[in-house]
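Residues per chain, in single letters:
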Amino acid sequence: MQRNWIGKSEGAKIKFRLDNGKEIEIFTTRPDTIYGVTFIVFAPEHPLVAELVAGTEYEAKVQEFVRRARLTNKSQEKEGMFIGCYAVNPVNGERVPVYIGNFVLMEYGSGCVMAVPAHDQRDFEFAKKYGLPIKVVIQPEGKELNVEEMTEAYEGEGILVNSDKFSGMKSNEARVALIKFFEEQGIGGKAIEYKMRDWLVSRQRYWGTPIPILYCENCGIVPVPEQDLPVMLPRDVRFGEGNPLESNKSFVEAKCPRCHGNARRETDTLDTFFDSSWYFLRYCDPQNEKEAFEKKKVEYWMPVDFYIGGAEHAVMHLLYARFFTKVLRDLGLISFGEPFLRLRNQGIVTLGGEKMSKSKGNVVDPIEMIEKYNADTLRAYLLFVANPESQLEWSDKGIEGVYRFWKKVIMLSKKHVTSDTDNELGVYRLNKLIKDVTEAIENFEFPKAIISLMKFTDYLSMKQEVPRESYEGFIKLLSPFMPHTAEELWARLGNKDFVSIASWPQADSQLRFISMSYHRSSFFIRKRASVSMYLAYL
Ligand code: ANZ
Ligand code: ZN
């Protein structure tokens, strides 16, 4: 999503000369189609457009078009008009008409496109609508394009035709060759464009962080000196229209720290993204009065190992946070360039296929569920019903199932616990459980972990007495999913500390190796365990 948002496009800039002698540089990703240009299209609000039509018969109509284009949202339907002048294609000297069109964006490239209707769909639709010529300059391999029969643009690769000395070249090679040619002729060259817009850091709001800048009548823009930081927001604000800081005299009026003359305080405040882009660094050293953070402390905690959040943050917050981190690294204030090493987007909870929301009234109150079942059942259900990143459809049946599992765990706790270790297969099962649950947790596959715990509960439930080692290991592994229950059972075993701070059980890889050989020796297995146990263990 970030890559898309940044939207890097590689291509060329080419200079076209207009009737009035002015030059316009046009960005294109397809310089190989330059011989197929049949018109030029400007964004309606392009400043050159007003200049080109000034004093001509087109002026009023263009103004009307721009006004309408501004009112209506960018519609799907392509609309435009001829504005009475021509441009010259620099490679073949051809004169092509100049249009304005609502599909050309002012903010992208140079706000102007060289239209190649045979090979660009938007240009194709525009040309069809306004009866403009279509000229094929790329022939796909194996079939021949014919303008009269085309119902859409051919946007793919192929062999150049009607392209002077470049005819016969492959389109991808022609792109390179043409860029070189533009450079030699001084008419253009390689160019890279990004779709990402500039980020406005200031807002006209009260509740942001003040921007510590003063405007002095004599000295101009003066930063607030360090000893006067932070600039605090005033408390006596009156909300009404616009930013209340502007009308707050005691805030706005200040003295210039340089000449002591009259100065005005900046009333714009920083956007909240400005804070969320580096708060994690401050968290590492929140009491520091001297600086934003001490490098050593930040290096101890950062980067964040695992970031969990909604996908809606992918392109704003998370991207800005990366930019801030890279800038701070370049300034030598930190030594890493990525703030977050791993990311998971959690899914949403739905009911009846729709996102739960108070306004829609389709919510399940967790308190009700806790009263009906218990907190551990609800928690385990939420972990069990879907992987964290998937959408979760609430189901009453589902929580019933997890409640049955919880009851089984309670039943199990009524059994006598012995100090013996389990038989060899039982020891193997415990070991496998440790491995499976640990791996599932690390991979964020909680349903898998809970299924393993369910199976193990069934296994232990078949026994007359439960071996302590297996039972304790089970409680430890259960505790992330049913913490209250696990603590209770742990305490009943006579443990003095919390299970949540007990050491996590370790899987024994040796044991796994030995047990692998059981596989092959089916005779051995049959002696030791029932077939059903063997299948379950497989
Ligand atoms: C001529 C051409 C011929 C194009 C062809 C495409 C195919 P991306 O990939 O998104 O960067 N373009 C350039 N500036 C524009 C603007 N301000 N508003 C709307 N469209 C603009 O798209 C680059 C292509 O988008 C450019 O390449 C240009 O059309 C168009 F067979 O130029 B092309
Ligand atoms: Zn001053």
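Everything that follows concerns the structure shown earlier in this document.
Residues numbered from 1 in each chain as written. Chains lettered and ligands numbered in written order. Predicted model: local features only at pLDDT ≥ 70, side-chain atom pairs only at ≥ 80, totals over all residues. Heavy atoms only, no water.

Just give me the short version of the overall build of the protein chain, but keep the residues and values in it.
Regarding its fold elements, the protein chain presents 20 helices and 23 strands. Taking 2.2 N^0.38 as the reference for a compact globule, 538 residues should give roughly 24 Å; the C-alpha atoms of the protein chain span a radius of gyration of 35 Å, well beyond that estimate. Dimensions of the protein chain, computed from C-alpha atoms along their principal axes, come out at roughly 100 × 80 × 50 Å. Here the protein chain, with 538 residues, has 43% of them falling under the buried criterion. In the protein chain, the proportion of contacts linking residues at least 24 apart, taken out of those at least 6 apart, comes to 64%. Here the protein chain has roughly 30,900 Å² of accessible surface; of this, 52% comes from carbon and sulfur atoms. Measuring between centres, the 71 positive side-chain charges of the protein chain sit 4 Å from its 74 negative side-chain charges. (Helix = DSSP H or I, 4+ residues; strand = E, 2+ residues; numbered from the N terminus. Rg over C-alpha atoms; globule rule 2.2 N^0.38 Å. Buried < 20%, exposed > 50% of the residue type's maximum accessible area, 1.4 Å probe, protein only. Contact = heavy atoms within 4.5 Å. Areas by Shrake-Rupley, 256 points an atom, 1.4 Å probe, with all protein chains shown as cover. Lys, Arg positive; Asp, Glu negative; His and termini not counted. Charge placed at Lys NZ, Arg CZ, Asp CG, Glu CD.)

How would you explain the sheet that holds strand S12 (residues 213-216) if you had to name every residue and give the values?
Within the open sheet, the four strands sit side by side as S13-S12-S15-S14. Their pairing is antiparallel. Both outer strands of the open sheet, strand S13 (220-223) and strand S14 (253-255), are each paired with one neighbouring strand and no more. With strand direction ignored, the average angle separating the axes of adjacent strands in the sheet is 40 degrees. Of the pairings in the sheet, the one linking S12 to S13 comprises four bridges and is antiparallel in character. By the bridge assignment, Tyr215 is partnered in S13 with Ile221. (Pairing = 2+ DSSP bridges. Axes fitted to C-alpha atoms, helices over the stretch in contact; angles between N-to-C directions.)

So what's going on with the site of ligand 1? Which residues, and what values?
What surrounds ligand 1 is a group of 18 residues, the closest being Ser9, Thr28, Leu105, Tyr108 and Lys195. In this structure, an oxygen atom belonging to ligand 1 sits 2.5 Å away from a side-chain N or O atom of Ser9. Within the backbone of Leu105, an N or O atom sits 2.7 Å from a nitrogen atom of ligand 1. (Near = heavy atom within 4 Å. Polar contact = N/O pair within 3.5 Å; in protein donor to acceptor, adjacent residues only side chain to side chain.)

I'd like a description of the packing of aromatic side chains, backed by residues and values.
Enumeration according to the criterion identifies 30 aromatic pairs in this entry. Seen from their ring centres, Phe82 and Tyr99 are 5.7 Å apart, and the 50 degrees between their planes marks the pair as tilted. One end of the pair, Phe82, is in strand S4 (residues 80-88); the other, Tyr99, is in strand S5 (residues 95-101), with 17 residues separating them in the sequence. An aromatic cluster is defined as three or more aromatic residues linked by ring pairs; in this entry it consists of Phe39, Tyr58, Phe82, Tyr86, Tyr99, Phe103, Phe126 and Tyr130. The aromatic ring of Tyr86 is capped on one face by Arg95, whose charged end is 4.3 Å from the ring centroid. In this structure, Arg429 is placed above the aromatic ring of Tyr459, and the distance from its NZ or CZ to the ring centre is 4.5 Å. (Phe/Tyr/Trp six-rings, centres within 6.5 Å; stacked < 30°, edge-to-face > 60°. Lys NZ or Arg CZ within 6 Å of the ring centre and 35° of its normal.)

Give a detailed account of the nonpolar core, specifying residues and quantitative values.
Counting residues in hydrophobic clusters, the biggest one holds 58 residues, and the most contacted among them are Phe16, Ile34, Ile40 and Phe42. Residue contributions to this core peak at five residues, all from helix H5 (residues 171-185). Excluding residues within four positions of it along the chain, Phe42 makes contact with Leu18, Ile24, Leu48, Val49, Leu52, Val98, Tyr99, Ile100, Gly101, Val104, Gly111 and Cys112. Phe405, Ile450, Tyr459 and Val499 belong to the second-largest nonpolar core, a separate cluster that totals 42 residues. (Core = buried A, V, L, I, M, F, W, Y, C linked by side-chain atoms within 4.5 Å.)

An account of the coordination of the zinc ion (ligand 2) is needed here, citing residue identities and associated values.
At this site the zinc ion (ligand 2) is bound by Cys216 (SG), Cys219 (SG), Cys256 (SG) and Cys259 (SG), with donor distances of 2.2 to 2.5 Å. Coordination geometry of the zinc ion (ligand 2): the four donor atoms subtend angles of 98 to 119 degrees at the metal centre, consistent with an arrangement described as tetrahedral. For the zinc ion (ligand 2), the single-chain donor residues occur in sequence as C-x2-C-x36-C-x2-C. Of this pair, Cys216 sits in strand S12 while Cys256 sits in the loop between S14 and strand S15 (262-265), and the two are 40 residues apart along the sequence. With relative accessibility at 8%, the residue Cys216 sits in the buried group. On the basis of relative accessible area, Cys256 is assigned to the buried category, the value being 1%. (Donors = N, O, S within 2.8 Å, 3.2 Å for Na, K, Ca; no water. Tetrahedral: all angles 85-135°; square planar, octahedral: opposite > 155°, others 65-115°.)

Break down helix H12 (residues 375-385) for me, with residues and values.
Spacing of three or four residues puts side chains on the same side of an α-helix, whose turn is 3.6 residues. Turning to H12, its buried residues are Asp376, Thr377, Leu378, Ala380 and Tyr381. If you follow the buried residues of H12, they end up packed against helix H11 (366-372), strand S21 (392-393), helix H13 (396-412), helix H15 (446-461) and helix H17 (483-492). Near the N-terminus of H12, the side chain that reaches the backbone nitrogen of Asp376, with its oxygen 3.3 Å away, is that of Asn374.

Treat this as a map of the structure, not an account of what it does.
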